[in-house]
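Observations on the model geometry
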Amino acid sequence: MRGPLASAGGLLLALLRRRSCSGPPLLLLLGVAVCLFYQTVMVARNRLRSGTQPAAADVRARKTSHDVMMEETRRFISDLEAVQRRRDVQVQSWSQKPLQRRWRRRRAVVLMGQHQVSDTEVQLYQQVLRQMDYDVHLSTYAETSSVLRSQQDGSGWSLLLCLSSAERSCLRRVSFSHLRHQRVNLIPAMMDAFSDAGGGLCRLFARSQRTDLPMRPFSCGQLTNQKLPFPQDRAPPPGLVATVNLYVLVTSLRPLTSFLHHISVVTTNQELRGRTTELSDFLLQQLGPAGSHHALQQVKQVVGDVLQAAAASTNMKKEKDNRCVLCYQLLTFTLLFSGSITPEIIQVDTDLTFVSLRDGAFDGQIGRDVILEDTLHFLLGTQPHLSSEAEKEAGQHGGCTDSLCLSDEDFPRLLQFHRQMSTSSAFQLLSPSTTCSSSSSSSSSSSSLSDLLIRISCYYDLQMNLSSRSDDTNASANQESPVSSQGGASDLCVDPRLRQIYTDPSLILTPPFSPRVKEYRAEVTFDTVTVQIRPMPVSPACRVHLDEHRGPRMANYPVGLGNSRISILVTDDSEHEPVVMTIYTIHVYRESRPSLPMFADHVMCSFVQDCGLLVRPAQSCGLQPLATSPSPRQICSSGHEPGRWVVPCLSCSDNRTCDWREVAWQPDGCYHPLVDRPLLQDCMADRKVMFIGDSTNRGMMYFLMERVNASLSDWGKAHDSLVYGNLNGGRTQVSYSYYPQFWLERGLRPTFRQALLQLLHRSRPLVDSHLTVLVVGGVQWVNTDHLRTVGDVLDRESLSNVLVVVKSLGMGFHLSVDGIRSLSLREIQNLDRDNDNIVSTAKHHGYEAIDTFSITMGRYKEFLQGRCACHFHEVEKFGSSTNRTKSSRPGSSSQSSVQDTDLEAEPETFTYHVRGPVNQVYSEILLSRLCPRTRT
């Protein structure tokens, strides 16, 4: 005899062979077969329990009996797989009927609540479900979903996903009792047992009749944003001391079926923030092989006990009314190890929480997305692509009416459980729990379905153990000839795509992100000055670098006004030198300050500094009413007169009512005259102007060149020396030397003295008068020692009478940007004092000074492209009349911004324009100081 299970399995297979699978009668017979199978199992089990097995059942016989039982289970699983294959054939045949073809695709509804379409969670659902051939509909709440309103019984959709802010709408509006073939990512009983609104874990502990539940009710709901509950007044007890967040998927309450995801977040008493790891790896590291195995079993036991208590505490009538056959629930369990391998549960959340992570902004999003994607594939990956109407018509039902047979609810659960156990995934079984020994394989259970689930799980557990032993044997046999880590195929980047681009704040990408699309555009508001970005590749064998092939995998970018570009390189790092496989590009456009056109009824307001950055704590910040006074008649005697920004507004209490196009710099009690071009050209005739400094100084030089010549025909991002002799009809010469050359090693960098001498020699012949002008300055490198060096060099070169203009410091490096230095508020306040010293020293030496720090301080958010957030100018490139370059944004002129990374010489057919209102202000002050007698 092959055994009772084999007989039932044989009957099941015989029925399959004798009938064609073309309709519900087949599944009726299948249900009868499963019923007979179960009855046979129960008879065999009762015989075993009543002691009627043969008297020769020694240790060897018991082992043989167990092997026979597992073989019979294997045959039953084989027959069950045949049922599934026949059913799939029937479904496919049904779907090809002309009248039913409109039901081929399943329909999913995603209720976003307060989430935006740009959220990575929403995008994840769209991408994954569309890959699974779902028709995805987005709505805010259940009340506003046209799909749910038109199909109250669930016949119009197959999957409903309620994001956290839409859960109440789902629970209030969705009739769970009607759902037999639809899925919802909520189980009302789990929400009732663990949600904070219902009292959470504390209420469950109070309602439960068990006093041995491993919970700490006094800790419920208090640890979400707090430190670990380790005793602070004494040393921690010996053993394992940590809190662990586990992520549990519940797919059924009766019988309880749950799974544990391999991702966990662990925080030990030695760490301030948590880290993502696999629980088994963490326990192995802490406790060793034997101890970790025991601890993992304790974890499963503890979580299973609390889930059983939650299921048992559910109101039976309410649970029956809200019963959804294929609904599921993701939960976060927070466990506390306080010196023992048996943990206690201190919190259960009805959502995925990652607040304890070091980098919650990105690691939390990534962890959530990974678990959600794994869940969708785990639950939906092997299902046929049909709508709920098609599944109903195809006859996904049990067929027995006898109490011992599988019902029309249990049969889909049995098929689902078999698929999940037979498919490799990121989940491992929690419930039903069994040790799968010879005794447990024939143990009883509270329901027929639960008993079948245990047998199936034991079978696959045994198969996994055998496979693991085989892998260990093969690994041992291959130890003598290990594969080189450089040459393994698994180390190659064979799929160089991105899975997702994570940003903070969340960028709305156009088009929406897809691994296939390589170029995107996004817009941010004026107040968004930085964007943190972290791309994630599809394949872990691929690496991601930002900007260049050895750049960081995550970075915080400054976002200047106008256009910025972020490059994402997917590389293969298996070789010594990374190989770029794919490049993704994000073009970010940052809007200008919101402006309201000026009307007749307005007031004048002024400001010295922004309240978001109090550089001078003793002074007021933000808009202040400007006392009315006649326009100043006196020309400023220096370029460093104190002043403020003035702007017309409807109200000085709201900067959104201002016309920021009319903002102007107004010195206190005087004004800087604007030099007209004809007078400027006369003033600049026979003069040589030398600039030494960084890119902020270079911006002033190009502004001067454009003003003198009426256009700018040449431009370059020079980091060395430049000489322009074709200005003003050949009557004016401009030269430039970049300092400091920070990219060189310290020992190879020219000193300021060397760079200045080189500039003077390249600009000769020079006259010792104001016809020779030296402009010195930069964003933050200038100090008083440099000014003393200027005096020494000019005296030695017999140029002590030339005109020296000092451009003082400027705002920059005030944002936290990866890869460059970042100044704290106190350091910026110190810069303000250093700036005063530079201006005073310049006056002492008889030099002109332009206080660019005071000018840029109040408008520090209006920087343009560049990582330092210190550039207040940008060069735009214009095409010739026959080759105009079109703008990337509608409504703007035919121009394009020349990025600061463009090093190539531009064609002669192009002209350039230096834009930037802040740079224009202090550049015009420079011109007024070069031509002090010229008036408008």
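Residues numbered from 1 in each chain as written. Predicted model: local features only at pLDDT ≥ 70, side-chain atom pairs only at ≥ 80, totals over all residues. Heavy atoms only, no water.

A few points about the overall build of the chain
- Each helix and strand counted, the chain has 21 helices and 30 strands in total.
- A buried classification covers 53% of the 936 residues belonging to the chain.
- Excluding contacts between residues fewer than 6 apart, the proportion of contacts in the chain whose partners are at least 24 apart in sequence is 73%.
- When the accessible surface of the chain is split by element, carbon and sulfur atoms take 49% of a total near 43,300 Å². (Helix = DSSP H or I, 4+ residues; strand = E, 2+ residues; numbered from the N terminus. Buried < 20%, exposed > 50% of the residue type's maximum accessible area, 1.4 Å probe, protein only. Contact = heavy atoms within 4.5 Å. Areas by Shrake-Rupley, 256 points an atom, 1.4 Å probe, with all protein chains shown as cover.)

Comments concerning the pairing of strand E30 (residues 911–915)
- Here E30 shows a clear split, with Tyr912 and Val914 buried on one side and none of Thr911, His913 and Arg915 buried on the other.
- The sheet contact formed by strand E28 (residues 874–878) and E30 spans five bridges and is antiparallel. Bridged to lysine 877 within E30 is tyrosine 912. (Pairing = 2+ DSSP bridges.)

Describing the pattern of salt bridges
- Under the criterion given, the structure shown has 22 salt bridges.
- Of the charged contacts in the structure, one is a salt bridge between arginine 661 and aspartate 659, with a shortest N-O distance of 3.0 Å.
- Residue classification places arginine 661 among the exposed residues on the basis of a relative accessible area of 59%.
- Classification of aspartate 659 by relative accessible area gives buried; the value is 2%. (Salt bridge = Lys/Arg side-chain N within 4 Å of Asp/Glu carboxyl O.)

Comments concerning the environment of isoleucine 454
- Looking at the element boundaries, isoleucine 454 is found in helix H14 (residues 448–477).
- Note: C-alpha distance between isoleucine 454 and proline 432 (22 residues apart in sequence) is 6.4 Å.

A short note on the sheet that holds strand E11 (residues 498–504)
- If you trace the three strands from one edge of the open sheet to the other, you get E11-E13-E15, paired in antiparallel fashion. The open sheet has two free edges, formed respectively by E11 and strand E15 (555–558), since each of these has just one partner strand. On average, each strand axis in the sheet is inclined to that of its neighbour by 30°, with strand direction left out of account.
- Taken together, the six bridges between E11 and strand E13 (residues 530–537) define a ladder with antiparallel strand orientation. Note on E13: the bridge partner recorded for glutamine 500 is methionine 536.
- Sheet strands touched by helix H11 (residues 363–380): E11 and E13. Its angle to E11, the strand with the most contacts, is close to 145°. (Axes fitted to C-alpha atoms, helices over the stretch in contact; angles between N-to-C directions.)

Focus: the pairing of E28
- Buried residues dominate E28, accounting for five of its five residues.
- The side-chain alternation of E28 yields two buried faces, one formed by Glu874, Glu876 and Phe878 and the other by Val875 and Lys877.

Some words on the packing of aromatic side chains
- For the coordinates displayed, the defined rule picks out 13 aromatic pairs.
- Consider the rings of phenylalanine 259 and phenylalanine 378, whose centres lie 4.9 Å apart with planes at 75°: the pair is edge-to-face. Here phenylalanine 259 is found in strand E6 (residues 256–268), whereas its partner phenylalanine 378 is found in helix H11, with 119 residues between them in sequence.
- Take phenylalanine 378: its relative accessible area is 9%, and that puts it in the buried class.
- Ring geometry for tyrosine 702 and tyrosine 724: centres 6.2 Å apart, planes at 70°, overall edge-to-face. Highlighted residues: tyrosine 702 in helix H16 (residues 695–709) and tyrosine 724 in strand E23 (residues 721–727), separated in sequence by 22 residues. With respect to class, tyrosine 702 is no different from tyrosine 724; both count as buried.
- Stacked on the ring of phenylalanine 863, the Lys or Arg arginine 590 has its end atom at 5.3 Å from the ring centre. (Phe/Tyr/Trp six-rings, centres within 6.5 Å; stacked < 30°, edge-to-face > 60°. Lys NZ or Arg CZ within 6 Å of the ring centre and 35° of its normal.)

Considerations on the state of the cysteines
- Scanning the model with the defined rule gives nine disulfides in all.
- The disulfide partner of cysteine 611 is cysteine 621, and the gap between their sulfur atoms is 2.2 Å. Between cysteine 611 and cysteine 621, the S-S torsion sits near 95°, and that sign places the bridge as right-handed. Of the two residues, cysteine 611 is situated in the loop between strand E18 (603–607) and strand E19 (624–625) and cysteine 621 in the loop between E18 and E19; the sequence distance between them amounts to 10 residues.
- Residue classification places cysteine 611 among the partly exposed positions, given a relative accessible area of 43%.
- Bridging cysteine 636 to cysteine 670, the disulfide has an S-S length of 2.0 Å. Sign of the S-S torsion, about 90° for the bond between cysteine 636 and cysteine 670, identifies this disulfide as right-handed. Linking cysteine 636 in the loop between E19 and strand E20 (643–649) with cysteine 670 in the loop between strand E21 (664–667) and helix H15 (677–684), this pair joins segments that are 34 residues apart in sequence. Accessibility assignment for this pair places cysteine 636 and cysteine 670 in one class, buried. (Disulfide = S-S within 2.5 Å.)

Some remarks on the confidence of the model for the chain
- Mean pLDDT over the chain works out to 79, with 73% of the residues at or above the 70 mark.
- The low-confidence segment residues 231–236 (pLDDT under 50) makes two contacts with residues lying over four places distant or belonging to another chain.
- Predicted confidence for residues 384–388 stays below pLDDT 50, and this span has 27 contacts to residues more than four positions away or in other chains. (pLDDT = per-residue confidence, 0-100.)

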